[in-house]
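# Analysis of the macromolecular model
So the chains spell out like this:
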2 protein chains.
Amino acid sequence: MSNAPVEFFFDFNSPYGYIAAHKISALAAKHGRTVDWKPFLLGAVFKVTGAQPLPHVPMKGDYAHHDFARSARFHEVTYNPPESFPFSPVAASRAVYWAKADGKAAEMTLALYNAALGAGQDIAAPDAVVAIAAKAGFDADAVAAGIQDPAIKEQLKTVTDEAISREIFGSPFMVVDGEAFWGADRLDMVERWLETGGW
Amino acid sequence: MSNAPVEFFFDFNSPYGYIAAHKISALAAKHGRTVDWKPFLLGAVFKVTGAQPLPHVPMKGDYAHHDFARSARFHEVTYNPPESFPFSPVAASRAVYWAKADGKAAEMTLALYNAALGAGQDIAAPDAVVAIAAKAGFDADAVAAGIQDPAIKEQLKTVTDEAISREIFGSPFMVVDGEAFWGADRLDMVERWLETGGW
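Basis of the calculations
Residues numbered from 1 in each chain as written. Chains lettered and ligands numbered in written order. Predicted model: local features only at pLDDT ≥ 70, side-chain atom pairs only at ≥ 80, totals over all residues. Heavy atoms only, no water. Axes fitted to C-alpha atoms, helices over the stretch in contact; angles between N-to-C directions. Helix = DSSP H or I, 4+ residues; strand = E, 2+ residues; numbered from the N terminus. Parallel < 35°, antiparallel > 145°, perpendicular 65-115°, else oblique. Contact = heavy atoms within 4.5 Å. Nonpolar A, V, L, I, M, F, W, Y, C, P; charged D, E, K, R; others polar. Pairing = 2+ DSSP bridges. Buried < 20%, exposed > 50% of the residue type's maximum accessible area, 1.4 Å probe, protein only. Right-handed = clockwise from strand over helix to strand, strands pointing away. Buried area = accessible area lost by both parts, 1.4 Å probe. Salt bridge = Lys/Arg side-chain N within 4 Å of Asp/Glu carboxyl O. Polar contact = N/O pair within 3.5 Å; in protein donor to acceptor, adjacent residues only side chain to side chain. Phe/Tyr/Trp six-rings, centres within 6.5 Å; stacked < 30°, edge-to-face > 60°. Lys NZ or Arg CZ within 6 Å of the ring centre and 35° of its normal.

## What about the packing of helix α9 (residues 187–196) of chain A against helix α3 (residues 60–74) of chain B?
- Where α9(A) contacts α3(B), the axes come no closer than 12 Å and their chain directions differ by 75°. Compared by their axis directions, α9(A) and α3(B) come out roughly perpendicular. Within the contact between the two elements, α9(A) uses Asp188(A), Met189(A), Arg192(A) and Trp193(A) and α3(B) uses Asp67(B), Arg70(B), Ser71(B) and Phe74(B).
- Looking at the contact of α9(A) with α3(B) residue by residue, the classes come out as three nonpolar, one polar and four charged.

## Structural notes on the sheet that holds strand β4 (residues 179–182) of chain A
Residues and elements named next belong to chain A.
- Strands sit in the order β2-β1-β3-β4 across an open sheet of four strands; the sheet is mixed. The sheet is open, and its two edges are formed by β2 (35–39) and β4, each paired on a single side. Averaged over all adjacent pairs, the angle separating strand axes in this sheet is 20°, with direction ignored.

## Things to note about the pairing of strand β1 (residues 6–10) of chain B
Residue and element names in this part refer to chain B.
- Among the five residues of β1, five are classified as buried, and the element is accordingly described as predominantly covered.
- Both faces of β1 are covered, namely the face carrying Val 6, Phe 8 and Phe 10 and the face carrying Glu 7 and Phe 9.
- The pairing of β1 with strand β2 (residues 35–39) spans five bridges and is parallel. Paired with Glu 7 across the two strands is Asp 36, which belongs to β2.
- For the crossover from β1 across helix α1 (residues 15–30) to β2, the handedness is right-handed.

## Observations regarding the interface of chain B and chain A
- Listed by partner, the interface residues are 30 residues for chain B and 31 residues for chain A.
- Taken as a group, Met59(B), Tyr63(B) and Phe74(B) account for 26% of the area that chain B buries against chain A, more than any other trio of residues on that side.
- At the surface where chain B touches chain A, the tally comes to six salt bridges.
- For Asp67(B), the salt bridge identified is with Arg186(A), shortest N-O distance 2.6 Å.
- Here chain B and chain A share 16 residue pairs in polar contact (both at pLDDT 80 or more) between them.
- Elements supplying a minimum of two residues to the side of chain B that touches chain A: α2 (42–49), α3, β4 (179–182) and α9 (187–196) of chain B.
- Counting residues per element, the side of chain B that touches chain A draws most heavily on α3(B), which supplies nine residues.
- Within the side of chain B that touches chain A, the residues separate by chemical class into 16 nonpolar, three polar and eleven charged.

## Describing the packing of helix α4 (residues 90–100) of chain B against helix α8 (residues 150–165) of chain B
All names here are of chain B.
- Between α4 and α8, the shortest axis-to-axis distance is 9 Å and the interhelical angle comes to 105°. It follows from the interaxial angle that α4 and α8 lie roughly perpendicular. Within the contact between the two elements, α4 uses Val 90, Ser 93, Arg 94, Tyr 97 and Trp 98 and α8 uses Ile 152, Lys 153, Gln 155, Leu 156 and Val 159.
- Of the residues belonging to the contact of α4 with α8, the class tally is six nonpolar, two polar and two charged.

## Observations concerning the packing of aromatic side chains
- Evaluation of the coordinates by the stated rule reveals 40 aromatic pairs over all chains.
- Consider the rings of Trp199(A) and Phe74(B), whose centres lie 5.3 Å apart with planes at 50°: the pair is tilted. With Trp199(A) in the segment after α9 and Phe74(B) in helix α3, the pair connects residues from two separate chains.
- We classify Trp199(A) as partly exposed; its relative accessible area is 23%.
- Judged by relative accessible area, Phe74(B) falls into the buried class, the value being 12%.
- Centroid distance Phe10(B) to Tyr113(B): 5.5 Å. Interplanar angle 35°. Geometry classified as tilted. Taken together, the residues Phe10(B) in strand β1 and Tyr113(B) in helix α5 (residues 105–118) connect sequence positions 103 residues apart.
- Site record: aromatic cluster; members linked through ring pairs are Phe8(A), Phe10(A), Phe12(A), Tyr18(A), Trp37(A) and Tyr113(A).
- Sitting above the plane of the Trp199(A) ring, Arg192(A) keeps its charged end 5.7 Å from the centroid.

## Some details on the environment of Ser165(B)
Residue and element names in this part refer to chain B.
- Within the secondary structure layout, Ser 165 lies in helix α8.
- Residue Ser 165 is classed as exposed on the basis of its relative accessible area of 58%.
- Each C-alpha atom, one on Ser 165 and one on Val 45, is 9.6 Å from the other, the two residues being 120 residues apart in sequence.
- Within polar-contact distance, the side chain of Ser 165 engages the backbone oxygen of Glu 162 at 3.1 Å.

Pasting the structure below:
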């Protein structure tokens, strides 16, 4: 069996990504794996596929909002999305890549996701991201500088391009040893794949 | 707790509907419920929503085909779709409404679904539907007449209109006491809802 990290592609606007973000670390650890946190810009992918956010799709909007909240309760994750939705995930995503260099991508992801989708905060602005990160124990000045670092900006662009080229068309997308799973509702299959190596 | 049947909306082209069709009777029975089998024409709904079959959506095609087969194996359902896909589900759907009058909708649904998505047979033509139904123990002449019965034709039209008005935008759609669940990957939630009445 491989020990490769579980790749976890997500967009900060994605409620299902938020739910899965709360589950994936424990799931991976149970099977001796780590998680490679890969925030990306789903909006850029949607430009290629022509897809729209679920709440904007005819007939699916009401169902989607209902299912977001119901799925969060099912998985026992607090869900309280912000009013302005979708929001720009750029600053938050960059903060994750900055934290990743210190092995703190999980902590940064959850702090920001919890603020946005758990507490309804607006995390679009860099200042908001810095304040949330500081509250979670990160150094505010270092985060603020990190978000503006050209190398960090490039990482987000690179992973978004990678998502497009690998046909990662939604959030969350979890990849286990090259096997791709789309959606929080595939966590049971991710678990089985980690257990068995496939079926 | 209600004893109302679990409504099971599906289109014969839907691999996830096929998987769920194999699970829903036992799931409902476990909680003292029956299943109200409601085949409908998803193509007519897609005309309203502008949606396309998953395999036709940019980037999603390869994933969808892979996930259909993987999901079927996960749920231990034999999956072998026909070459011409999607096909007209009209005759097959009418046959189910015909069988429903005798309480045999489950048997007819599974016979036709297994032929189409389990054995790769073309079930678009009424003759094919009649032959499969006959092999499953139904009276061939009666099925052939039933498929042409104006009242049966009307039932399919009515349920398809009902699907549109109730925003049943995909397959399978399972409704438990008014609570709607989309997708074979919601069977776990359907089960929890049947157990608890909601959460």
